[in-house]
Amino acid sequence: MTTVVHPGDSLSGRQRLAYILILGALTALGPFTIDMYLPALPTLESEFGVSTAAIQLTLTATTIGFGLGQLIVGPWSDKVGRRLPLILATAVHILACVGAALSPNVELLATFRALQGIGAAAGGVVAMAMVRDLFGGRPLVRMLSRLALVSGLAPVLAPVLGSQLLLVMPWRGIFLVLAVYGLFVIVCVSLWIVETLPKARRHDAGHSTVGQRYKAVLSDRVFVGIAIVGAMNFTGLFAYLSSSSFIFQGLYGFDAQQYGLLFAVNSVGIIIGVQSSARITKYVGPQWILAVTTIVMLISALLIVILGQAGFGIWGTVIPLWFFIAACGFGFPCVQVLALNGHGHEAGTAASILGAANFGIAGIISPVVGLLGVTTAVPMGAVMAVTSTVSILALWFVVRPRTVPALAH
């Protein structure tokens, strides 16, 4: 066993808790921005008088903005440190939230949603990079599992919160709530988060320029394969997120609050997955956990298609869907630790590519469900099955689990 000393090893339990809470709040900003307004999508459709596909494009704009924003903020944070990009990007997010709340038409809403995504991108990337600055090996798994719990729970809890907010305010109020949340994040970072990437570490030999950092990351076969696995898993989850309001509210007749309750039940699967995964990595390499979870995701997706075509109704959708989402939860921390463990010198760049792949590909592929139609859950299940298949192929033919080195302790 190898023991490596990292800066975070000297932090007290209270300091670690503070980092987990604040970095968790940062990580949640992006998913909250993307998903909190999902229960309002049918309302937006009728208010603006546009098609389902047009409304889904406002979601696509946010995810693509989020992906592009990460590609900008990650390498920038490797160059100038973590705090400045984080504060400036989140300020852009706050202004875009106000713009979205005041948008008179769907075109302007989509524009401000894209800017929201770009501004919110800093949270997830910089939080992940800060954890990698401070930790490595098994401690990195533990800390990333806490962030993965937030990043996994936030997309499914955001619509729950959104559905409750719709009881007391119109849909525009949701964006004002997000603006306040962004302001809260800036205050917390300004007061309690210190710079985790000192100037001396920003210019390590072979890792000092943007080109060198991208080369170090993209020439790593394991990283590239894991990025594909992570992006496909997230895209499968996002196919559910982007179509679920139309399937469960339109097809199965849920109101906004029942729809939020469904998300709350599914969040239990995420919690079980993330927390179990972090413990299992003590005994099994994260690549082998992914080998199991990707198969579970494929089987669950195929069951949604088969049971949907057989007319099993809502139970034929929600039961396999729960297992699909739980399998995503098992996979989240494994993807993050395998991608970041070998890239301490360029953690921001690695995290940005990982996040951009997740949200960029999800933003492009998930509207396919809307184009195929949401009169049944079959198109959603079909997209999930395709993404799960690509994930399995990338794991076995690009990552190649037997070649992944063991984690240091």
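What this report covers is the structure whose coordinates are included nearby. (Residues numbered from 1 in each chain as written. Predicted model: local features only at pLDDT ≥ 70, side-chain atom pairs only at ≥ 80, totals over all residues. Heavy atoms only, no water.)

### Overview of helix H12 (residues 315-340)
The terminal C-alpha atoms of H12 lie 38 Å apart, and with 26 residues this matches the ideal 38 Å at 1.5 Å per residue to within 8%. Most pronounced at Gly 331, the bend in H12 amounts to some 30°, and the proline Pro 333 follows within four residues. Where burial is concerned, most of H12 is hidden: 21 out of the 26 residues are buried. (Helix = DSSP H or I, 4+ residues; strand = E, 2+ residues; numbered from the N terminus. Expected span 1.5 Å × (residues − 1). Bend = angle between axes of the 7 residues up to and from the residue. Buried < 20%, exposed > 50% of the residue type's maximum accessible area, 1.4 Å probe, protein only.)

### Quick notes on the packing of aromatic side chains
Taken as a whole and assessed by the stated rule, the structure comprises ten aromatic pairs. With a centroid separation of 5.8 Å and an interplanar angle of 50°, the aromatic rings of Tyr 37 and Phe 175 are classed as tilted. With Tyr 37 in the loop between helix H1 (13-35) and helix H2 (41-48) and Phe 175 in helix H7 (residues 171-192), this residue pair connects regions lying 138 residues apart in the sequence. Take Phe 175: its relative accessible area is 0%, and that puts it in the buried class. On the numbers, 5.7 Å between centres and 45° between planes, the contact of Phe 248 with Phe 254 is tilted. Of the two residues, Phe 248 and Phe 254, both sit in the buried class. Put simply, the rings of Tyr 37, Phe 48, Trp 171 and Phe 175 touch in pairs and so form one group of aromatic residues. Between Arg 113 and the ring centre of Tyr 37, over which it is positioned, the NZ or CZ distance is 4.0 Å. (Phe/Tyr/Trp six-rings, centres within 6.5 Å; stacked < 30°, edge-to-face > 60°. Lys NZ or Arg CZ within 6 Å of the ring centre and 35° of its normal.)

### So, unusual backbone geometry
Unlike most non-glycine residues, Arg 400 shows phi in positive territory, near 55°. Inspection of the secondary structure puts Arg 400 in the segment after helix H15 (378-399). For Arg 400, a relative accessible area of 38% translates into the label partly exposed.

### Observations concerning the packing of H12 against helix H13 (residues 347-365)
Interaxial distance between H12 and H13 falls to 10 Å at its minimum, and their mutual angle equals 140°. Here H12 is positioned oblique relative to H13, judged by the angle of their axes. Classified by chirality, the crossing of H13 by H12 is right-handed. Seen from H12, the contacting residues are Val 335, Gln 336, Ala 339 and Leu 340; seen from H13, they are Ala 347, Ala 350, Ala 351 and Leu 354. (Axes fitted to C-alpha atoms, helices over the stretch in contact; angles between N-to-C directions. Parallel < 35°, antiparallel > 145°, perpendicular 65-115°, else oblique. Left-handed = near helix turned anticlockwise from the far one by under 90°. Contact = heavy atoms within 4.5 Å.)

### A word on the pattern of salt bridges
Should the charged atoms of two oppositely charged side chains come close, the side chains can pair. As enumerated under the stated definition, the model contains four salt bridges in all. In this structure, the salt-bridge partner of Arg 172 is Glu 47, at a minimum N-O distance of 3.5 Å. Within this pair, whereas Arg 172 is found in helix H7, its partner Glu 47 is found in helix H2, the two being separated by 125 residues in sequence. For Arg 172, a relative accessible area of 24% gives the class partly exposed. (Salt bridge = Lys/Arg side-chain N within 4 Å of Asp/Glu carboxyl O.)

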